[in-house]
Amino acid sequence: MGHLKQKNLITTRERLRDQVAHALRAALISGELRPGEIYSAPGLAEDFGISATPVREAMLDLAREGLVEPVRNKGFRVTEVNERDLDQYTEIRALIEIPMIGRITRTAAREELEVLRPGAEEIVRAARDHDLIAYLEADRRFHLSLLALSGNNRLVETVGDLRKRSRLYGLTALAERDQLTPSAEEHIELLDLMLSGDATAAEECMARHLGHVRSLWATS
C-alpha cells in the first residue's frame, strides 16, 4: 500500500508540474515572460499561488527544451531567439517536413488524412477568435499528427523539439490584426491537396506555409 500511495503522490505532482510548464509556455508566447529577463521560481510560484518546487521543476523542463537557461543563485533567463536561429530552424524543418509531406501524400490512406480535418478547422477557428494559445496548440497537434503518419517517431520528436525552440514571442498583436488567419487556412489547403493525391502540390504548399510562418516571426 505504501508504494501505491507514493505513486499517487508522484502522479499528482507531475500533473502540477505539467500544468505549470504549460502556463509558462503560454506566458512566453504571449510575451508576459520576456526574452533576456530573469525570473525566479519563488517569484513565479507566488504568482501561481503554489510552492516553488513544481515551478522550479517546470522551469528545468523548459531549460531542457532550450526555452530558458538557469542563472546561478538568481533563477532562469528566458532565452532570446535571433533571426539567424529562426532561419536555421526553418531550414531544418523544411529539409524534413517538405519531402515527408510528399511521401505521406503518396502512402497514407484517405481515412488517416481525413481524421485530421477537425484539427485543421480548429486552427482556423482559433485564429479567427484571436486565441493564440489555442491556435499554437492546435497547430502543433495537427503538424505532429500528420508527420506521425510516416511511422517515424524520432522524426516527430525532432520536429516537435524544433517547434518548441522556435516558439513565437509576443504574437498577440498579430492575432488581433487577423494576420494569423491566412496561415491557419493553409492547413486546410494542405490537407485537401494531400487527399487529392497531388504530392508535388502538397510539397509546394508546405514550403509556402513554412515561409509564411517565418515571415510572421519576422513581423512579430
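Above this text is the structure in question.
Note that this is a predicted model, so its numbers are computed, not measured.

Engineer: Account for the packing of helix α4 (residues 83-107) against helix α8 (residues 153-165), with residues named and values stated.
Structural biologist: Relative to each other, α4 and α8 sit at 145°, their axes nearing to 10 Å. When the axes of α4 and α8 are compared, the crossing they make is left-handed. From α4, Tyr89, Ile92, Arg93, Ile96, Glu97 and Met100 reach across to α8, where they touch Leu155, Thr158, Val159, Leu162, Arg163 and Arg165. The residue inventory of the contact of α4 with α8, partitioned by class, reads 7 nonpolar, 1 polar and 4 charged.

Engineer: Outline the pairing of strand β3 (residues 75-78), supporting the account with residue identities and numerical values.
Structural biologist: Sheet analysis places strand β1 (residues 38-39) next to β3, joined by 2 bridges and oriented antiparallel. Paired with Tyr39 across the bridge in β3 is Phe76. Here 4 bridges tie strand β2 (residues 68-71) to β3, and the two strands are oriented antiparallel to one another. Residue pairing in the sheet places Pro70 in a bridge with Phe76 of β3. The hairpin formed by β2 and β3 contains 3 residues between the paired strands, and Asn73 there has a positive phi angle of roughly 65°.

Engineer: Any chance you could break down the environment of Thr90 for me, citing the residues and the numbers?
Structural biologist: Its place among the elements puts Thr90 in helix α4. Residue classification places Thr90 among the buried residues on the basis of a relative accessible area of 14%. Spatially, the C-alpha atom of Thr90 lies 9.3 Å from that of Arg163, the residues being 73 residues apart in sequence.

Engineer: Tell me about unusual backbone geometry, and name the residues and values.
Structural biologist: Although it is not a glycine, Asn73 adopts a positive phi angle of roughly 65°. Mapped onto the elements of the fold, Asn73 is located in the loop between β2 and β3. Asn73 gets classed as exposed once you look at its relative accessible area, which sits at 76%. Positive phi is not limited to glycine here, since His130 has a value of about 60°. Look at His130 and you get partly exposed, because its relative accessible area is 36%.

Engineer: A description of the sheet that holds β2 should follow, citing residues and the corresponding values.
Structural biologist: The strand order across the open sheet formed by 3 strands is β1-β3-β2, and the pairing between neighbours is antiparallel. Both edges of this open sheet fall to β1 and β2, since each of them pairs with a single strand only. Along the sheet face, helix α3 (residues 52-64) touches β2 and β3 and points at about 120° away from the line of β2.

Engineer: An account of α3 is needed here, citing residue identities and associated values.
Structural biologist: The first and last C-alpha atoms of α3 sit 18 Å apart over 13 residues, in line with the 18 Å expected at 1.5 Å per residue. Directly after α3, the chain includes Gly66, whose backbone phi takes a positive value near 85°.

What counts and what doesn't
- Residues numbered from 1 in each chain as written.
- Predicted model: local features only at pLDDT ≥ 70, side-chain atom pairs only at ≥ 80, totals over all residues.
- Heavy atoms only, no water.
- Axes fitted to C-alpha atoms, helices over the stretch in contact; angles between N-to-C directions.
- Helix = DSSP H or I, 4+ residues; strand = E, 2+ residues; numbered from the N terminus.
- Left-handed = near helix turned anticlockwise from the far one by under 90°.
- Contact = heavy atoms within 4.5 Å.
- Nonpolar A, V, L, I, M, F, W, Y, C, P; charged D, E, K, R; others polar.
- Pairing = 2+ DSSP bridges.
- Buried < 20%, exposed > 50% of the residue type's maximum accessible area, 1.4 Å probe, protein only.
- Expected span 1.5 Å × (residues − 1).

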